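Chains, contacts and geometry: an overview
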Amino acid sequence: MNAYYLRNEIAKFDESEQCESIQKSAKWLVRWNVYGQLAIVSSAILATHLGTPFAISVPAAVLASGLGVSWMGLRWRWMQDRFINAVSHANKSLKHRVVELYEKEFKRVVSDPLANVNHLISESINPQLSKAIASRSN
């Protein structure tokens, strides 16, 4: 079995494009959550400055901030599940390709030569066998 065949098959396997897409989505999610949190804090400070009672603006800001973080957590779990599914699918695909290549190479390197040897042995034994049977009959 030639190890280079397996190495080349693994080298051809590339799922980086899908991983980069998920990474871009995660960056976007974090960036927009930070912007949202800054907007909530700025709005709370502005509302307090404009006369909204402190007892109303702070709990409202904390509630809005908590909802934003919760939403980000849900989206993060969704992206995490998507990433895990992509990686497990890639793992199954690579495993299938490597096993298929291994079976093909095993057949080429081991099974076919042994079958040829078996066929040659059978061809060489058959005439001797028929001679032995014929001499036994006489």
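Residues numbered from 1 in each chain as written. Predicted model: local features only at pLDDT ≥ 70, side-chain atom pairs only at ≥ 80, totals over all residues. Heavy atoms only, no water.

Further remarks concern the pattern of salt bridges. Under the counting rule described, the total for this entry stands at one salt bridge. The partner of Arg108 in a salt bridge is Glu105, and the shortest N-O contact between them spans 2.7 Å. In this pair, Arg108 and Glu105 both sit in helix α3 (residues 54–137), three residues apart, roughly one turn of the helix. (Salt bridge = Lys/Arg side-chain N within 4 Å of Asp/Glu carboxyl O. Helix = DSSP H or I, 4+ residues; strand = E, 2+ residues; numbered from the N terminus.)

Low-pLDDT stretches of the model should not have their predicted coordinates read in fine detail. Chain-level pLDDT for the protein chain is 87 on average; 99% of the residues reach the 70-or-more range. Within the protein chain, helix α2 (residues 16–49) carries the highest mean pLDDT (90), whereas helix α1 (residues 3–12) carries the lowest (76). (pLDDT = per-residue confidence, 0-100.)

This part is about the environment of Ala115. Considering the arrangement of structural elements, one finds Ala115 in helix α3. Classification of Ala115 as partly exposed rests on a relative accessible area of 43%. In the structure, Ala115 is positioned 94 residues away from Ser21 in sequence and 49 Å away in space, judged by C-alpha atoms. (Buried < 20%, exposed > 50% of the residue type's maximum accessible area, 1.4 Å probe, protein only.)

A cluster of nonpolar residues, Trp28, Val30, Trp32, Val34, Tyr35, Leu38 and Trp76, forms a patch on the protein surface that exposes about 730 Å² of accessible area. No other element matches α2, which puts six residues into the nonpolar patch. Along the chain, Tyr35 falls in helix α2. (Patch = residues over 30% accessible without salt bridge, like charges linked within 9 Å, V, L, I, M, F, W, Y side chains within 5 Å. Areas by Shrake-Rupley, 256 points an atom, 1.4 Å probe, with all protein chains shown as cover.)

A word on the packing of aromatic side chains. Using the criterion set out here, one finds three aromatic pairs in the structure. Note on Trp28 and Trp32: the rings are 6.5 Å apart at their centroids and 55 degrees apart in plane angle, and the pair reads as tilted. Note that Trp28 and Trp32 are positioned in helix α2 at a spacing of four residues, about one turn of the helix. The class for Trp28 is partly exposed, based on a relative accessible area of 45%. Plain terms: the ring middles of Trp32 and Tyr35 are 5.4 Å apart, the flat faces sit at 85 degrees to each other, and that makes the pair edge-to-face. Placement of the pair is Trp32 and Tyr35 together in helix α2, with a separation of three residues, close to one helical turn. Three or more aromatic residues joined by ring pairs form one cluster here, namely Trp28, Trp32 and Tyr35. (Phe/Tyr/Trp six-rings, centres within 6.5 Å; stacked < 30°, edge-to-face > 60°.)

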